[in-house]
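# Reading the structure
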Amino acid sequence: MKRKLVLISGSKQTKLILNKQLIDLLGDYISIHCFAIDEGLPKEIEGDVVLYSSESIEEEAKGILAINSPNEIVGNRTIHYKHISQLLKIPVHTKVLIVNDDDKETLKLIESLYQLGINHVQFIPFKKQKTYYEGVEVAVSPGELHLCPPYIKNVIDIGVRLFDMATVFEIIKSFGFNQSNHSIIWDRYLRNIIELQKKLIEAQEKMKTLHFHVKSVVNTVEDGILAVDSTQKITLFNKRLEALFQLASSDVMNHEIKDVLPQRDVADFILLSEEKSKYFIINGYEIVIYKSLIKEDNTIVSTFKSVNQAFEIEGKAQLETRKNGSSAKYNYRDIIGEHKSLTNTIALSKKMALTNYPILIQGETGTGKELFAQSIHNYSNRKNGPFLAVNCSAMTETLLESELFGYDEGSFTGAQKGGKKGFFENANNGTIFLDEIGDISSRLQTQLLRVLQEKEIRRVGGSRVIPIDVRIITATHNNLLGKIKQNLFREDLYYRLNVLGLTLPPLRERRADIPLLIHHFISKSRTWANIEKEAMDLLIEHEWLGNIRELKGVVEYLLTISEENEIKTEDVESRLGKQKIKSTLNDFENESFDLLELQENRAILEAIKECNENGKAASRDWITFNLRDISFILTNQQVRKRLDLLEVKEYIIKRRGRAGTKITEKGLNYLYYLKAKQNCIINKSIY
């Protein structure tokens, strides 16, 4: 049975349009029920999430009916992209009256228009008690045309405003959708955003806010995007092109393309050729450039794709490779976590992905080495080529040799007729991932070194040298430098493999990501379970020597044994055992505070942690209110001072507005220390 979203709006027209938007985005996953105040409301409304179309509607609805819901959201609304072109045609510096039936919503509409880059006119907010606006010739209204002063002849109806991306994100978080559904919903929403971008570009508005808006979007695509205006100056140069040409965007923007691109033939093709696409070799990469002309302003937009990306030359062999499972199915969006150590690692690996150098991934067992390897492949210029993974510790030396390099017919007893290609041949023009590389024998180390040096292989039992073009990614949980000292691993091979080194953080170093991972695993199980607070604390405090793999197994165990979709503390203890916090106490023993300060800090951090675990950042007002709820009285000003001190010690991160306050990894450890310390004081014992 689908979970229920209840929408409450003011008018029937607003209800119908917002209902259509929600169904288009979310209708596959939740049940949507809509009500309009002007049509009358039932006495009571019940749903998993209640969504109000505005703040004024929330206030009005709560005054006339009972609402039973664990989660309520006040939506933010933005102009429908289809009406953008009308506004862009208004002459520069025109005074424009923004007309709505609610003063707060009028100001929000003006704010959203500015955020969309429509700042070439002067917006004036409508007031019901005011009848004349000097110099105003144009009025804009979201369906409230009857309120417009009659002397204003040019009236633009922008229709009912839609929910913005932030509201859609709040709904997604509230329902706890899994990553796959999350991506689909965002793709649907982004179609509208892309349409908006086209409108903005066609209008040739050279505004700073528009520039940043477009740049942020094109930097997320995996193709190189370059735009040249009618004066032959570059107006767009995204991050993929920065990596391809080894040029900074700041060095080429607003310069003539012939003056800044190192290859004159590329500039000549973009500016002069009548061909729509052409093959080039740029800095060693095989590239196909596609170009199109925006006739309205003579802007040329060129898309740079690797040969393997180009649809026209993606042959049957690549399609067959995908059918046979020789492809990477994971991307960076499958890597779950927000901790700085993880996001920094992801950002670093993306830079590595854009090269062809070997990568050595090091990390403890269960940290996601193959997940990173597949993500790197799918982010690289080889993403349409094959990806083959080999566990080097799972095979004997002779079997691994024949699997890697293949063999000729008759090379050994049992060899199949005609011989067999090895993984290196099958991975040609793609990536091979050698897991547990530290376990291969000395003889195979020598052969692998030759592959790296010469970029060629020889099959077992064969004499023919076969050239290959394969990107090699290796991984290990072993200390290879220690193996080198013991003469168990070749030093020259180590430095060949470790041209680009990537170290994955263990789970215990990013404990703040544990709730995210747990909720992710629960959502992927296609079930729903609530976790007791004490149970979650135990899971966060566990050492997780098996890292994410161990955590996933524990979550699956807990889902299996839990009753009534409730994971309890005793369930976790039965699996993990009671565990004392390690290495935390000594880190904070120099902290000087009295018992009252200890209690205050613990209460504040507990409140922030609870809010963060529910997927939200904590505001100061929310923290103050929550403390009162547990009979812990602090004023808003007192909370602010204590938050300032906690921020100085890096226990929290404060952000303005809705971003709120978040507890850091260091803050989590401090909270665990406070719990232990306070228990010691209560029990009159010493740690």
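Presented here is an overview of the structure given in this document.

What follows covers the sheet that holds strand S6 (residues 72–74). Pairing within the open sheet is parallel, and its four strands lie in the order S2-S1-S4-S6. This sheet does not close on itself; its edge strands, each paired only once, are strand S2 (30–36) and S6. Across the sheet, the mean angle separating the axes of adjacent strands is 20° when strand polarity is ignored. With three bridges connecting them, strand S4 (residues 49–52) and S6 associate as parallel partners. Note on S6: the bridge partner recorded for Leu51 is Ile73.

Once that is clear, we can look at the nonpolar core. Ile518, Leu551 and Ile623 are the most contacted members of the largest nonpolar core, which totals 47 residues. Contributions of two or more residues to this core are made by helix H20 (514–524), helix H21 (533–541), helix H22 (547–561), helix H23 (569–576), helix H24 (595–613), helix H25 (620–629), helix H26 (636–648) and helix H27 (665–682). At seven residues, the largest contribution of residues to this core is made by H24. Residues in contact with Ile518, not counting those within four places in the same chain, are Ile531, Met536, Leu539, Leu551 and Val555. Counting 30 residues, the second largest nonpolar core, distinct from the first, contains Phe423, Leu444, Leu452 and Tyr494.

Now for the packing of H22 against H23. In the contact formed by H22 and H23, the axes pass within 10 Å of each other and the chain directions differ by 130°. The pairing of H22 with H23 is recorded here as oblique in orientation. Considering only the axes of H22 and H23, their crossing is right-handed. Facing H22, whose interface residues are Gly553, Val554, Tyr557, Leu558 and Ile561, H23 presents Asp571, Val572, Ser574, Arg575 and Leu576. Residue composition of the contact of H22 with H23, by class: six nonpolar, two polar and two charged.

Inspection of every chain in the model, using the stated rule, returns two cavities of 30 Å³ or more. If you add up the space inside the second largest cavity, you get close to 40 Å³. Residue assignment for the lining of the second largest cavity shows that the elements contributing at least two residues are helix H15 (397–405) and helix H17 (442–454). Tallied by class, the residues present in the lining of the second largest cavity amount to eight nonpolar, no polar and no charged.

Although it is not a glycine, Lys455 sits at a positive phi angle of roughly 55°. Following the sequence through the fold, Lys455 ends up in the loop between H17 and strand S21 (456–458). A positive phi angle is found at Asn487, which is not glycine, with a value near 60°. With respect to the helices and strands, Asn487 occurs in the loop between helix H18 (480–485) and helix H19 (491–497). Under the relative-accessibility criterion, Asn487 is labelled exposed at 69%.

Here the focus is the pairing of S2. Residues of S2 alternate between two faces, with Ile30, Ile32, Cys34 and Ala36 buried on one and Ser31, His33 and Phe35 left unburied on the opposite face. Inspection of the sheet shows strand S1 (residues 3–9) paired to S2 by seven bridges, in the parallel sense. When the bridges of S2 are listed, Val6 appears paired with His33. For the crossover that starts at S1, traverses helix H1 (residues 12–26) and ends in the parallel S2, the hand is right-handed.

This paragraph deals with the side chain of Asp435. When you line up the elements, Asp435 lands in strand S20 (residues 431–435). Buried and unpaired, Asp435 has Lys369 as its nearest opposite-charge partner, separated by 5.4 Å. With sequence-adjacent residues up to four places away left out, Asp435 is seen in contact with Lys369, Val390, Asn391, Cys392, Ser393 and Ala475.

This brings us to the sheet that holds strand S23 (residues 471–476). Two orientations exist for strands paired in a sheet by backbone hydrogen bonds: parallel and antiparallel. One open sheet holds the five strands; their spatial order is S19-S20-S23-S18-S24, and the pairing between them is parallel. Among the strands making up the open sheet, the edge pair consists of strand S19 (387–391) and strand S24 (500–503). Direction aside, the axes of adjacent strands within the sheet are offset by 15° on average. When strand S18 (residues 359–362) meets S23, the two strands line up parallel, connected through four bridges. Each bridged residue has a counterpart across the sheet, and for Ile359 the counterpart in S23 is Ile473.

Another point: the pattern of salt bridges. Once their charged atoms are close, side chains differing in charge can pair, the charge on each being opposite to the other. Per the counting criterion, the structure on display carries 30 salt bridges. The partner of Asp644 in a salt bridge is Arg640, and the shortest N-O contact between them spans 3.2 Å. Here Asp644 pairs with Arg640, and both are found in helix H26, just four residues apart, close to one helical turn. Arg640 gets classed as partly exposed once you look at its relative accessible area, which sits at 28%. Ionic contacts of the salt-bridge type, sharing partners, join the residues Lys533, Asp537, Arg602, Glu606 and Lys609 into one network.

For Lys20, the location among the structural elements is in helix H1. Assessed through its relative accessible area of 52%, Lys20 is described here as exposed. Measuring from C-alpha to C-alpha, the distance between Lys20 and Leu162 comes to 9.9 Å, with 142 residues separating the pair along the chain.

It is worth spelling out the side chain of Glu425 at this point. As for its position among the elements, Glu425 is in helix H16 (residues 423–426). Apart from the residues within four sequence positions on either side, Glu425 is in contact with Phe405, Ile457, Arg459 and Ile466.

For the rest of this paragraph, the subject is H1. Spacing of three or four residues puts side chains on the same side of an α-helix, whose turn is 3.6 residues. Taking 1.5 Å of rise per residue, 15 residues should cover 21 Å, and H1 covers 20 Å from first to last C-alpha, within 8% of that figure. Buried within H1 are the following residues: Thr14, Lys15, Leu18, Asn19, Gln21, Leu22, Leu25 and Leu26. For H1, the buried positions fall inside an angular range of 165° around the axis, keeping them on one side.

Per the counting criterion, the structure on display carries 13 aromatic pairs. Arranged with centres 5.7 Å apart and planes meeting at 20°, the rings of Phe405 and Phe424 form a pair that is stacked. Taken as a pair, Phe405 in helix H15 and Phe424 in helix H16 lie far apart in primary sequence, 19 residues in all. You'll find Phe405 and Phe424 in the same group, each marked buried. Following the ring pairs from residue to residue traces out a cluster consisting of Tyr29, Phe175 and Phe177. The ring of Phe269 carries the charged tip of Lys291 above its face, separated from the ring centre by 4.9 Å. The lysine or arginine in question, Lys350, covers the ring of Tyr332, its NZ or CZ lying 5.2 Å from the ring centre.

A separate point is helix H4 (residues 103–115). The end-to-end C-alpha separation of H4 is 19 Å, in line with the 18 Å expected for 13 residues at 1.5 Å each. The set of residues buried in H4 consists of Glu105, Thr106, Leu109, Ile110, Ser112 and Leu113. Viewed along the axis of H4, the buried residues span an arc of 165°, placing them on a single side of the element. Contact partners of the buried residues in H4: helix H2 (55–62), strand S7 (77–78), helix H3 (84–88), strand S8 (95–98) and strand S9 (122–125). Taking the backbone nitrogen of Lys104 as reference, a side-chain oxygen 3.1 Å away marks Asp102 as the first, capping residue of H4. Where H4 ends, the next residue or the one after it, Gly117, has phi of about 95°, a positive value.

Conventions and cut-offs
- Residues numbered from 1 in each chain as written.
- Predicted model: local features only at pLDDT ≥ 70, side-chain atom pairs only at ≥ 80, totals over all residues.
- Heavy atoms only, no water.
- Pairing = 2+ DSSP bridges.
- Helix = DSSP H or I, 4+ residues; strand = E, 2+ residues; numbered from the N terminus.
- Axes fitted to C-alpha atoms, helices over the stretch in contact; angles between N-to-C directions.
- Core = buried A, V, L, I, M, F, W, Y, C linked by side-chain atoms within 4.5 Å.
- Buried < 20%, exposed > 50% of the residue type's maximum accessible area, 1.4 Å probe, protein only.
- Contact = heavy atoms within 4.5 Å.
- Parallel < 35°, antiparallel > 145°, perpendicular 65-115°, else oblique.
- Left-handed = near helix turned anticlockwise from the far one by under 90°.
- Nonpolar A, V, L, I, M, F, W, Y, C, P; charged D, E, K, R; others polar.
- 1 Å grid on protein atoms, 1.4 Å probe; cavity = no way out; pocket = protein on both sides within 12 Å on 5 of 7 lines; lining within 4 Å.
- Points joined across faces, edges and corners; volume = space filled by probe spheres on them.
- Right-handed = clockwise from strand over helix to strand, strands pointing away.
- Lys, Arg positive; Asp, Glu negative; His and termini not counted.
- Salt bridge = Lys/Arg side-chain N within 4 Å of Asp/Glu carboxyl O.
- Expected span 1.5 Å × (residues − 1).
- Arc of directions from axis to C-beta.
- Phe/Tyr/Trp six-rings, centres within 6.5 Å; stacked < 30°, edge-to-face > 60°.
- Lys NZ or Arg CZ within 6 Å of the ring centre and 35° of its normal.
- Polar contact = N/O pair within 3.5 Å; in protein donor to acceptor, adjacent residues only side chain to side chain.

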